[in-house]
Amino acid sequence: QPNYFAQSMRKQSNRMISIIVEDLDEFSTAPIVEAAMAHCDDMGYRTILMNMRLYDKWKATWYDDDEKVKEVLKPVIQELQSIRVDGLIYIAGHCRHIDYFPEQFKIPTVLAYGLSMEERYPSVVIDDEKGGYDIGKYLISMGHEKIGIIAGADDNLHTKARLAGFKQALSEVGIELDSDCLRFGEWDRESGYRQAPYLLDKDITAIFCMNDSMAAGVYDFVYERGMEVAKDISIVGYDNKELSDYLRPRLTTNKLPLNTIGRKASEILIGILESGEEKTDKADVIKIPCEMVYRESVLKV
């Protein structure tokens, strides 16, 4: 068994990395954590997982309240400083700009699934713009030109990036997105169900849902109306959640690169630790592309 105490005395390092998550129960978090921990283990670093349980405590009410987050994060940081962790990976529950760390915070840090407001911290995020672009190109290749969208919250970074990429794909072939065909949901199945009738009453042939849960809600409404997916209307999702493979017909979607994000974040952090150099220039934002998963929910027209 390695003598970690002796190693830390020789190297002035505990070879210990902390992973802080906003809520371990979020669907995107566990795969990121697993990949990060696996790579740290492969490289001879121990990991300590700290779960702040923000969603469990406050549901969605904490998103715009930095003080709530700092209230929970402060004792976590104090504990990590007391046990002298070498580095930190902070995993956000959803992508947004994050500025929670004290000004004099010295522990090397990498953000995963979120964007740092501090230029000294690298960030590893989904390339949502390319993801939206790829879905737009695919629907166009299948002959769809009049397309409806059920987006997430209009101020959400995932929403903005996916919408920008999708619009770019349409503009490249001279198609302009009809603003009447854009609806904003709340990322859950119920909001997909609620928004579906507004789009199905338009002259559209396909709907791009910005996550699989909302796509499932559209399925519910479509079948209640006596229509069929991939016959009367085509549907594309985003995330590649487990339910996407159980819907009938199975849902075409975009697989999030969660494992890759976790591994990349740990690679960057360990690279910083082992180089021994503190970056003073602007830290990188690394965007990891999604992977299209083609199933049977889109009809060629």
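Use the structure listed above.
Bear in mind that the values here come from a model prediction, so they are computed numbers and not experimental data.

K.L.:
Can you break down unusual backbone geometry residue by residue, with the values?
P.N.:
Residues Arg248 and Pro249 are joined by a peptide bond in cis, for which omega reads 0 degrees. With respect to the element layout, Pro249 can be found in the loop between β11 (234–236) and β12 (253–255). Positive phi is not limited to glycine here, since Arg84 has a value of about 60 degrees. The residue Arg84 is located in the loop between α4 (66–82) and β3 (87–91) in this model. A positive phi is found at Tyr113, a non-glycine position, where the angle reads about 70 degrees. On the secondary structure map, Tyr113 appears in the loop between β5 (109–112) and β6 (115–116).

K.L.:
How would you sum up the sheet that holds strand β10 (residues 206–209)? Please name residues and give values.
P.N.:
Read from one edge of the open sheet, 4 strands run β9-β8-β10-β11, paired in parallel fashion. Strands with a single pairing partner mark the edges of an open sheet, and in this sheet they are β9 (182–184) and β11. Taking each pair of neighbouring strands and ignoring which way they run, the sheet shows an average axis angle of 15 degrees. Of the strand pairs in this sheet, β10 and β11 are connected by 3 bridges, and their pairing is parallel. Directly across from Ile207, in β11, lies its bridge partner Ile235. Helix-sheet contacts for helix α7 (residues 189–200) involve β8 (147–151), β9 and β10, and the interaxial angle to β8 is about 155 degrees. Packing against the sheet, helix α8 (residues 212–224) makes contact with β8, β10 and β11, and its axis sits at approximately 145 degrees to β10.

K.L.:
Quick one: what's the story with the nonpolar core, residue by residue and with numbers?
P.N.:
In this structure, Ile89, Leu139, Ile149 and Ile207 are the most contacted members of the largest nonpolar core, which totals 68 residues. Ignoring anything within four residues of it in the chain, the contact list for Ile89 reads Ile17, Ser18, Ile19, Ile20, Ala36, Val110, Ala112, Ala265, Ser266 and Leu269. By size, the runner-up hydrophobic cluster in this structure holds 24 residues, among which are Met16, Leu73, Ile77 and Val85.

Criteria and cut-off values
Along every chain, residues carry numbers that run from 1 in the direction the sequence is written. Whole-chain, interface and lining totals are the exception, using all residues; otherwise, since this is a predicted model, local features are given only for residues with pLDDT of at least 70 and side-chain atom pairs are given and counted only at 80 or more. For side-chain calculations, the full set of non-hydrogen atoms in the structure is used, while hydrogens and water are omitted. Starting at the N terminus, helices and strands are each numbered in turn, a helix being any DSSP run of H or I of at least four residues and a strand any DSSP run of E of at least two. Following DSSP output, two strands are said to pair if at least two bridges run between them. Each axis is a line fitted through C-alpha atoms, and for a helix only the stretch in contact is used; angles between axes span 0 to 180 degrees, taken between their N-to-C directions. Contacts are assigned to residue pairs with any non-hydrogen atoms lying within 4.5 Å of each other. Take the buried residues of types Ala, Val, Leu, Ile, Met, Phe, Trp, Tyr and Cys, join any two whose side-chain atoms come within 4.5 Å, and each joined set is a nonpolar core. When a residue's accessible area, from a 1.4 Å probe over protein chains only, is under 20% of the maximum for its type it is buried; when over 50% it is exposed; and in between it is partly exposed.

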